[in-house]
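Reading the structure
As a plain string of letters, each chain reads:
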Amino acid sequence: MKQPLTALAEGEICKVNSLLTEGILRRRMLDLGLVEGTYILALHIGRKREIAAYLIRGAVIALRKEDAERIIITNISKYL
Amino acid sequence: MGLTAFSTGFEVARNRTEDFDDSEKKIIALAGNPNVGKSTVFNALTGLKQHTGNWPGKTVESARGEYTHQKNDYVVYDLPGTYSIMASSAEEEVARDFICFYPHDLTVVVIDATCIERNLNLVLQILEANPKTLVCLNLIDEAKRNGITIDIERLSQNLGCRVIATNARDGKGLDALKKAISSLTESDGAIISYSPVSYKPYIQRAVDCLLPYCAKLSAGKLNASWLALKILDFDESFNISLKIHLNENNIDETLLDKAVQAARTYLEDNNIDENTLHDDIVSQIVLHAEELYLSCVQRTSAAKSSSRKIDKYVLSKSVGIPLMILLMCVVFYLTITGANYPSELLSALFGKIETVLLAFFVRLNAPSWLTSMLVEGVWRTLGWVVSVMLPPMAIFFPLFTLLEDMGYLPRIAFMLDPYFKKAGAHGKQALTTMMGFGCNACGVIGCRIIDSPRERLIATLTNCFVPCNGKFPAMIAIITLFFTPASLASGVSTALSALLLTALILLGIFITFGASKLLSKTLLKGVSSSFVLELPPYRKPQVGKVIVRSIFDRTLFVLGRAVMVAAPAGLIIWLLSNLTVGGASLLTHAAGFLDPFARVIGLDGIILLAFILGFPANEIVIPLIVMGYMAQGALTEISTMQLGTILVQNGWTWITALCVLLFSLLHFPCATTMLTIKKETGSVKWTLAAFFIPLLAGIIICFAVNMIATQFIF
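Residues numbered from 1 in each chain as written. Chains lettered and ligands numbered in written order. Predicted model: local features only at pLDDT ≥ 70, side-chain atom pairs only at ≥ 80, totals over all residues. Heavy atoms only, no water.

**Structural notes on the overall build of chain A**
As a reminder, the rule being used: Helix and strand assignments come from DSSP, with helices taken as H or I runs of at least 4 residues and strands as E runs of at least 2, each series counted from the N terminus. Both definitions apply: the radius of gyration is a C-alpha atom measure, and the globule rule equals 2.2 Å times residues to the power 0.38. Only protein chains enter the accessibility calculation, which uses a 1.4 Å probe. A residue is then buried if its area is under 20% of the maximum for its type, exposed if over 50%, and partly exposed in between. Note on contacts: a residue pair is in contact if any heavy atoms of the two residues lie within 4.5 Å. Note on areas: these come from Shrake-Rupley sampling with a 1.4 Å probe, and a residue is covered only by the protein chains present in the view. The sign given to each residue is positive for Lys and Arg and negative for Asp and Glu; His and the chain ends receive no count. For the purpose of locating charges, the reference atoms are NZ of Lys, CZ of Arg, CG of Asp and CD of Glu.
The number of helices and strands found in chain A is 2 helices and 6 strands. In chain A, the succession of helices and strands from N to C terminus is β-β-α-β-β-β-α-β. In terms of C-alpha radius of gyration, chain A reaches 11 Å, essentially the compact-globule figure of 12 Å for 80 residues. Principal-axis analysis of the C-alpha atoms places the extent of chain A at approximately 35 × 25 × 25 Å. Relative to its 80 residues, chain A shows a buried fraction of 60%. Of the contacts made within chain A by residues no fewer than 6 positions apart, 61% connect residues no fewer than 24 positions apart. Taken as a whole, chain A presents about 3300 Å² of accessible surface, with 53% of it coming from carbon and sulfur. Side-chain charges of chain A comprise 13 positive and 9 negative groups, with the mean position of each set lying 1 Å from the other.

And the structure:
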């Protein structure tokens, strides 16, 4: 099932399906290694889910809700 | 952001390097992701032989250092930390243009051994551009501790370039690094052949259209297919830099333009748009990096990074914010109490020198007005500013840099981002605001960490809403004198002052949010831009180095600017207070002129004049007020008790005190900050805005408070 990254709960892992972003933000996300099939693990969901920290290719990256919503993911499962 | 030919990194890199004669030296570019210890490697290589500044025309920091190894001289250019060289920011442009167009002998890419996979992305991009590259695998000890085993031999083989493991903070592997640099810069033969990333067939075909021209363009210095790929990748800033490069080398663009057209038509015919092409290029690089990572790196599954365990608490809802407030309180407490003693010492030292200077002028038989002007005017003001300003900065900045070095600051940005987002601002503004407590000028420079121009301007313009170190002593004195009854036990009254000061600080923060919101709805309208923030692993801070660096980079820098404005200000203040017209000094006349307006906002003419004359440095506002009341010709030091008596004698009530506190929090930034804002924004308009926004807020609030207090309470 395709869902936005914001649907991921703390401690869950998923795979990137596609990016709905354009321009510079799209380039930045690609630079972080967010290509199709990349695993994302949600480490910390911040206050009111406004911001969250994810483990992406070995680095911890924080994304705002608005930006995370535009990352479409699949294959959500529990990690550990 | 309008890109002109002159703002591009290429132009910048060239101008930057023209200041130095590097002809006899080997030129090394140092690249890498942010937070990989790149500057540690740079410092370890070059020691104190460094020159820091900006890439001209850009607010991107640059550092250039030199070292000698086995009688050869090397110049190291520390490129800005970037995730890629595909140029989505000013930093990346600078890095990319240096790597592509500036003649250099070797690029050293520093990568973080604890986060190899993401770092390899940049390595591959740089290797693609120019195979004269060396990888410095830094933080190798930390990787070991985290249970990461790296097959360095294999990594080197699979990458096709030398890989040197280092732990730069304790100097491990640096000799090997220097040796590798020297062998790679001496002979080309030492480079292991690089096996390129294989792109999708359609990309290869499009590249082939351009290859013949690119081979000519690159002149063997750059990889021709990479150049072709970059030309195709719809990167406007790259193409601008390229055109400049072509013009300089008298290469005809028209043939190239034709070939580009042919390649583009080919892509269009195959329904390949900008996004698809870029996605496919990047995906190939990322997947290649992943493959390399999987083949060379092993993690023991039990080892979970300790940073993540710490973050469980530090970022949690219950512990995170209280811990942050506590830490900041500790920093302020240490700064304010710790600064007292060195301040007194410095002040005494300046006093002694003053006596010597006086004696010297007397011996020279200098006219007494000149002696007074130079010694009591210029020297005393200068001494005052330095002795009040230096100690708190020398304590605050190292403490702040320690938190930075530990990796705590991005966590603050993470926790506070939701609040700043509501105000239309950037989470990293939390950090620049905190730096503002130390010094607004530093806070303004710190705004560079915010990459979107809109949010950076908001942070710049609202930085002075938090009081800097220079304002604290006056605020504390006034609070103690007017708002804590003398009948209280000393412990209680200290606590009460601390509480009131905190309230004032909170008011400043509250106004920062308000002003940010207002700006983002009016002058700086726009949608909040994206927010990508890396939370690097926690690291043990390098205490000694942090202290040295923060004193050199921040404290002395600000002090230098402050001294530059304090000396002439001392002269002006002396002239105003010593030149008389009609029996009264110019100072008295000016104060009299300002008085009616000042009364409306709860101050008086002398106070307002003191704030105006205190433009060079807020530290001298209280001494100026005293000087005005006592009709003296120079600043004099007095005790808090005496200060209270003088103020009350001159008609101060608690309303005056409150208005002075508020106006002190809210008026124009000091001269050093204004100078910095002008340099950072490059715009007179925004500099003026930074002047008038807080001033207007101050006038309105003081007016309201004064009106309400006098009308309704008395």
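**Here's the deal with the pattern of salt bridges**
Opposite charge on two side chains lets them pair, provided their charged atoms get close. For clarity, the cut-off: Take a side-chain nitrogen of Lys or Arg and a carboxyl oxygen of Asp or Glu: if they are within 4 Å of each other, that pair is a salt bridge.
Under the criterion given, the structure shown has 24 salt bridges over all chains. Here R26 of chain A and D279 of chain B are joined by a salt bridge, their closest N and O atoms 2.2 Å apart. With R26 of chain A in helix α1 (residues 23-31) and D279 of chain B in helix α12 (residues 274-296), the pair connects residues from two separate chains. As far as burial versus exposure is concerned, R26 of chain A and D279 of chain B are alike and both buried.

**Re the nonpolar core**
Residues and elements named next belong to chain B. This is how it is decided: By convention a nonpolar core is built from buried Ala, Val, Leu, Ile, Met, Phe, Trp, Tyr and Cys residues, the set being connected through side-chain atoms within 4.5 Å.
Grouped together as the largest cluster of nonpolar side chains are 120 residues, with contacts concentrated most on I412, F414, L603, I625 and W652. No other element matches the 11 residues that helix α15 (residues 368-406) contributes to this core. For I625, the contacting residues outside a window of four places in its chain are I606, I607, A610, L647 and W652. In this structure, L79, L127, A206 and L232 belong to the second largest nonpolar core, which totals 95 residues.

**Details of the environment of D112 of chain B**
All names here are of chain B. Inspection of the secondary structure puts D112 in strand β5 (residues 106-112). Here D112 falls in the buried class, since its relative accessible area comes to 4%. Separated by 74 residues in sequence, D112 and K38 place their C-alpha atoms 9.1 Å apart. When sequence neighbours within four positions are dropped, the list of residues in contact with D112 reads N35, V36, N119, N138, L139 and R539.

**A look at the interface of chain A and chain B**
What counts here: Note on terms: buried area is the combined drop in 1.4 Å-probe accessible area of two parts once they are placed together, counting the loss on both. Two N or O atoms count as a polar contact when they lie within 3.5 Å, although within protein this holds only if one can serve as hydrogen donor and the other as acceptor, and sequence-adjacent residues are included solely when both atoms are side-chain atoms. In this count, Pro and Cys sit with the nonpolar residues alongside Ala, Val, Leu, Ile, Met, Phe, Trp and Tyr, while Asp, Glu, Lys and Arg are called charged and the others, Gly among them, polar.
Taken together, the 34 residues of chain A in the interface contact 46 residues of chain B. A buried area of about 3500 Å², summed over both sides, lies between chain A and chain B, and 54% of it is on carbon and sulfur atoms. At the junction of chain A with chain B, the criterion picks out 7 salt bridges. We note a salt bridge from R57 of chain A to E290 of chain B, for which the minimum N-O separation is 2.9 Å. At the boundary of chain A and chain B, one finds 14 residue pairs in polar contact (both at pLDDT 80 or more). Put simply, the parts of the chain that give the side of chain A that touches chain B at least two residues each are α1, β3 (39-45), β4 (51-56), β5 (59-64) and α2 (65-68) of chain A. Examining the composition of the side of chain A that touches chain B, we find that 7 residues originate from one element, α1 of chain A, more than from any other. When grouped by side-chain class, the residues that make up the side of chain A that touches chain B number 17 nonpolar, 4 polar and 13 charged.

**Some points on the domain arrangement of chain B**
Stated precisely, the cut-off is as follows: Residue ranges for the domains trace back to a domain assignment, done automatically or taken from a database.
Looking at the assigned domains, one finds that chain B contains domain 1 (5-190), domain 2 (201-299) and domain 3 (322-713). Once you take the C-alpha centre of each, domain 2 of chain B and domain 3 of chain B turn out to be 52 Å apart.

**Concerning the packing of helix α19 (residues 453-462) of chain B against helix α21 (residues 490-521) of chain B**
Residues and elements named next belong to chain B. The condition is simple: For helices, the fitted axis covers only the stretch in contact; all axes are lines through C-alpha atoms, and the angles between them, taken along N-to-C directions, range from 0 to 180 degrees. Under this scheme an angle from 65 to 115 degrees is roughly perpendicular, one under 35 degrees roughly parallel, and one over 145 degrees roughly antiparallel; angles in between are oblique. Take the far helix as the reference: if the near one is turned anticlockwise from it by less than a right angle, the crossing is left-handed, and if turned clockwise, right-handed.
With their axes 10 Å apart at the nearest point, α19 and α21 run at an angle of 135° to one another. Between α19 and α21, the angle is such that the two are oblique. You can see that α19 and α21 cross each other, and the crossing is right-handed. Counted together, R454, I458, L461 and T462 of α19 and T512, A515, S516, L519 and S520 of α21 form the full contact between these two elements.

**Quick look at the sheet that holds β4 of chain A**
Keep this limit in mind: The rule for pairing is simple: two strands pair if DSSP sees at least two bridges between them.
If you trace the 7 strands from one edge of the open sheet to the other, you get β1(A)-β6(A)-β2(A)-β3(A)-β4(A)-β5(A)-β10(B), paired in antiparallel fashion. Of all strands in the sheet, those bounded by a partner on one side alone are β1 (3-4) of chain A together with β10 (532-534) of chain B. One ladder, built from 3 bridges, connects strand β2 (residues 12-19) of chain A with β3 of chain A; its direction is antiparallel. Residue pairing across strands places K15 of chain A opposite Y39 of chain A, the latter belonging to β3 of chain A. Along the sheet, helix α16 (residues 409-422) of chain B makes contact with β3, β4 and β5 of chain A together with β10 of chain B, crossing β4 of chain A at roughly 140°.

**Some words on empty space enclosed by the protein**
Residues and elements named next belong to chain B. Going by this rule: Only protein atoms enter the calculation, which uses a 1 Å grid: trapped sets of points that fit a 1.4 Å probe without letting it out are cavities, open sets showing protein on both sides within 12 Å along at least five of seven lines are pockets, and any residue with an atom within 4 Å of a point is a lining residue. Grid points are joined across faces, edges and corners, and a volume is the space filled by probe spheres set on the points.
One pass over the full model with this rule turns up 8 cavities of 30 Å³ or more. Size it by volume and the largest cavity reaches roughly 130 Å³. Along the walls of the largest cavity sit 18 residues, with M389, C439, C468, E619 and C670 positioned nearest its centre. Mapped by element, the contributors of at least two residues to the lining of the largest cavity are α15, α18 (440-446) and α28 (671-681). The class makeup of the residues in the lining of the largest cavity is 10 nonpolar, 7 polar and 1 charged.

**So, the pairing of β5 of chain B**
Residue and element names in this part refer to chain B. Cut-off, in case you're wondering: The crossover handedness rule: strands pointing away from the viewer, path from first strand over the helix to second strand clockwise, crossover right-handed.
When you tally the buried positions in β5, you get 7 out of 7 residues, the bulk of the element. Bridging between strand β1 (residues 26-32) and β5 involves 5 bridges; their strand directions are parallel. Of the residues in β5, the one forming a bridge with A31 is V109. Across 6 bridges, β5 lies against strand β6 (residues 133-138) in parallel orientation. For I111, the partnering residue across the bridge sits in β6 and is L137. Handedness of the crossover joining β5 and β6 through helix α4 (residues 116-129): right-handed.

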